[in-house]
Amino acid sequence: LINLIWSFILSELVFSNFKGGFQYDSLIQAILILVLLVPFFETMIFQFLIIDFILKKFPSNYLFATSLSTLVFAASHFYSAEFVIKTLLSGFLYSSIYIIFVKKNVQPIIHVSITHSLYNLIAVIEKFW
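What you are looking at is a predicted structure, and each value in this text was computed from that prediction instead of being measured.

**So, the overall build of the protein chain**
Across its full length, the protein chain carries five helices and zero strands. Starting at the N terminus and walking to the C terminus, you meet the elements of the protein chain as α-α-α-α-α. In the protein chain, which comprises 129 residues, the share counted as buried stands at 36%. Surface summary for the protein chain: the accessible area is close to 8,000 Å², and the carbon and sulfur share equals 73%.

**Comments concerning the packing of aromatic side chains**
Aromatic ring pairs are defined here through the distance separating the ring centres and the angle between the ring planes. Overall, the coordinates contain three aromatic pairs when judged by the stated rule. Ring centres of F46 and F73 lie 5.5 Å apart, and the angle between their planes is 85 degrees; on these two criteria the pair is classed as edge-to-face. Of the two residues, F46 sits in helix 2 (residues 27–57) while F73 sits in helix 3 (residues 62–76), which places them 27 residues apart along the sequence. For the pair shown, F46 and F73 are each scored as buried.

**Things to note about the environment of Y62**
For Y62, the position within the fold is in helix 3. Taking the C-alpha atoms as reference, Y62 lies 9.8 Å from I100; in sequence the two are 38 residues apart. Once residues within four sequence positions are removed from consideration, Y62 is found in contact with L55, I99 and K103.

**With respect to the nonpolar core**
One finds I51, A65, Y94 and V112 to be the most contacted residues of the largest nonpolar core, which totals 13 residues. Sorting the residues of this core by element identifies helix 2, helix 3, helix 4 (81–104) and helix 5 (108–128) as the ones contributing at least two each. Considering every element that reaches this core, the biggest residue donor is helix 2, with five residues. Not counting the four nearest positions on each side in its chain, I51 is found in contact with A65, S69, S95, Y98 and I99.

**Quick word on a nonpolar patch on the surface**
There is a patch of nonpolar side chains on the surface, built from I28, L32, L36, L37, F40, F41, I45 and L49 and spanning about 800 Å² of accessible area. Following the sequence through the fold, L49 ends up in helix 2.

Reading guide: rules and limits
- Residues numbered from 1 in each chain as written.
- Predicted model: local features only at pLDDT ≥ 70, side-chain atom pairs only at ≥ 80, totals over all residues.
- Heavy atoms only, no water.
- Helix = DSSP H or I, 4+ residues; strand = E, 2+ residues; numbered from the N terminus.
- Buried < 20%, exposed > 50% of the residue type's maximum accessible area, 1.4 Å probe, protein only.
- Areas by Shrake-Rupley, 256 points an atom, 1.4 Å probe, with all protein chains shown as cover.
- Phe/Tyr/Trp six-rings, centres within 6.5 Å; stacked < 30°, edge-to-face > 60°.
- Contact = heavy atoms within 4.5 Å.
- Core = buried A, V, L, I, M, F, W, Y, C linked by side-chain atoms within 4.5 Å.
- Patch = residues over 30% accessible without salt bridge, like charges linked within 9 Å, V, L, I, M, F, W, Y side chains within 5 Å.
- Salt bridge = Lys/Arg side-chain N within 4 Å of Asp/Glu carboxyl O.

Here it is in structure tokens:
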């Protein structure tokens, strides 16, 4: 909810003229790519690979793992500076969820992918509404 509010504030109030990100020809194409494929692959890259690598080297350094994952996630969305700023909170949220479920030893990849998919679904619906 906080992530959605943050995104709305930045999109509508701060960067109202910004139209960043990929453009899709159809709702079906956007759902297949943004809701089904991208969240899983981004979770594997930005949470699993980065966070697990750091935690193997520094087992208790959750803050560093979360921070690096967040920054790399945001930087990878460099369609514009505005988009990077918008994705900082998302990256932090996904990294935090990943670490919470790692600590609980309960499928972090699935939980982050689903959270990311739901957020992207809302963004797709808003864009095609």
